[in-house]
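# Results of the structural survey
Chain by chain, the residues run as shown.
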Amino acid sequence: MTRARSSHRGWLTDAPVLAVAITWGSSYLATKSITGPSTVIATLLLRFLIAVAVLGLLRLRAIRRLTAAEVRGGILIGLILTCVFLLETYGVVHTSATNAGLIISLTMVMTPLAEAALRRTPPTASFVMAAAGSVLGVLLLTQGGGFTAPSVGDLLMLLAALARTANVLTTHRLPSIKSADDGALTFVQLSTAVVCFAALSAGVGTSPLRVAAGLETGQWLDLLYLALLCTLFAFFVQLWAVRRTSPSRVSLLLGTEPLWAAVIGVALGGDQPGALGYAGAALILIGTAWGRRAAEASGGRPEVAAASPPVPEGAVAQ
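Quick caveat, the model's predicted, so the values are computed rather than measured.

With that out of the way, let us pick up the overall build of the protein chain. If you tally the helices and strands in the protein chain, you get 14 helices and zero strands. Going from the N terminus to the C terminus, the protein chain shows its helices and strands as α-α-α-α-α-α-α-α-α-α-α-α-α-α. At a minimum sequence separation of 6, the contacts of the protein chain that also span at least 24 residues come to 92%.

Okay, here's the thing in structure tokens:
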């Protein structure tokens, strides 16, 4: 396969993941309009319920064909997904946007390092430098509000970054879900989160029914956007991509989320990131492009150097 052909195939996988990063970047405005500290669980439950209902109708036959092992695998990654959302959402509530944006972007570095540790092979220097450059870009992009003292929210965001890393690595390596239908597996994953959020909503915050009754027309549109694009589309694509390419590469592309949040904030919210912010945006773009090239140079696996010995057959579920 020629380099140009390989690059083209890489873009066919990368473009949808980049679309997810853009979608998640746009989710902040929608989330802000409908979520408060006491309505986090209820809003998440409503959001995931809508996504599960739509996906259940679309993929009913595929869902029925899932094996018991595939369902168990979907439940496992669904539990990790639940942790990601809870940690991120409460983390943002209890820390500054600057700290949150920087800390969650550490996933770009954590994933290749964790993947390299699991494979017992060193990550390529180029990919690690590209990811570190992207994290520095996030630092500059989000520096406008200044840093606050470390808080509980900062710890929650750090745990969320670790949970994100665990999510992509588990999805990539779990043998039981290797052949499962993407839509059906996404249904199990999101349904697991619904069950968790429903259990938590019974004793935490405002009830979902009360939140739903209080939403205005515009807020319902925001909720539908969060459910259908930021949840259903996003996690279907993430699941599809992680099982077809490197988890490190997926995390690098998803790590551009703060960039798109800033772009949308400038375009629609009137934000002004300043000179350092624009420099940070440029660094994120450069780091992401560099990381993709480093991935292609090592055969699509940024975590493994070109001269690395082959991984024993069966050691990793591809």
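From this point on, the discussion continues.
With the exception of glycine, the majority of residues adopt a negative phi angle, and the majority of peptide bonds are in the trans configuration. With phi around 60°, arginine 120 is a residue other than glycine that occupies positive phi space. Structurally, arginine 120 can be placed in the loop between helix H6 (107–119) and helix H7 (125–141). Given the relative accessible area of 79%, arginine 120 is considered exposed.

Right, let's get into the packing of H7 against helix H12 (residues 247–254). For the pair H7 and H12, interaxial distance at closest approach is 11 Å and the crossing angle is 20°. In this view, H7 runs roughly parallel relative to H12, as classed from their interaxial angle. Crossing handedness for the pair H7 and H12: left-handed. Judged by residue contacts, Phe127, Ala131 and Ser134 of H7 engage Ser248, Arg249 and Leu252 from H12. Considered class by class, the residues forming the contact of H7 with H12 number three nonpolar, two polar and one charged.

Turning next to the nonpolar core. By size, the foremost hydrophobic cluster in this structure holds 53 residues, and its most contacted members are Phe48, Leu190 and Phe197. Beyond its immediate chain neighbours, meaning those up to four positions away, leucine 190 contacts Phe48, Ala51, Val52, Leu81, Thr231, Leu232 and Phe235. Of all hydrophobic cores here, the second largest spans 14 residues; its members include Ala21, Val138, Leu252 and Ile284.

Okay, the pattern of salt bridges next. Scanning the entire structure with this criterion turns up four salt bridges. Aspartate 181 is paired through a salt bridge with arginine 59; the nearest N and O atoms lie 2.6 Å apart. Note that aspartate 181 is positioned in the loop between helix H8 (152–173) and helix H9 (182–201) and arginine 59 in the loop between helix H2 (40–58) and helix H3 (60–64), a separation of 122 residues in sequence. Glutamate 115 serves as the salt-bridge partner of arginine 119, at 3.9 Å between the closest nitrogen and oxygen. One end of the pair, arginine 119, and the other, glutamate 115, are both in helix H6, four residues apart, so they sit about a helical turn from each other. With relative accessibility at 2%, the residue glutamate 115 sits in the buried group.

Helix packing geometry: the angle between the two helix axes and the distance between the axes. Packing of H9 against helix H11 (residues 217–242) brings their axes to within 9 Å, and their N-to-C directions diverge by 120°. What the angle tells us is that H9 and H11 run oblique. The two elements H9 and H11 cross, and the hand of that crossing is right-handed. Residue-level inspection shows Asp182, Gly183, Leu185, Thr186, Gln189 and Leu190 of H9 in contact with H11, the latter providing Thr231, Leu232, Phe235, Phe236, Leu239 and Trp240. Each residue belonging to the contact of H9 with H11 can be placed in one class, and the counts come to seven nonpolar, four polar and one charged.

Calculation rules
Residues numbered from 1 in each chain as written. Predicted model: local features only at pLDDT ≥ 70, side-chain atom pairs only at ≥ 80, totals over all residues. Heavy atoms only, no water. Helix = DSSP H or I, 4+ residues; strand = E, 2+ residues; numbered from the N terminus. Contact = heavy atoms within 4.5 Å. Buried < 20%, exposed > 50% of the residue type's maximum accessible area, 1.4 Å probe, protein only. Axes fitted to C-alpha atoms, helices over the stretch in contact; angles between N-to-C directions. Parallel < 35°, antiparallel > 145°, perpendicular 65-115°, else oblique. Left-handed = near helix turned anticlockwise from the far one by under 90°. Nonpolar A, V, L, I, M, F, W, Y, C, P; charged D, E, K, R; others polar. Core = buried A, V, L, I, M, F, W, Y, C linked by side-chain atoms within 4.5 Å. Salt bridge = Lys/Arg side-chain N within 4 Å of Asp/Glu carboxyl O.

Just distances and angles here, no functional claims.
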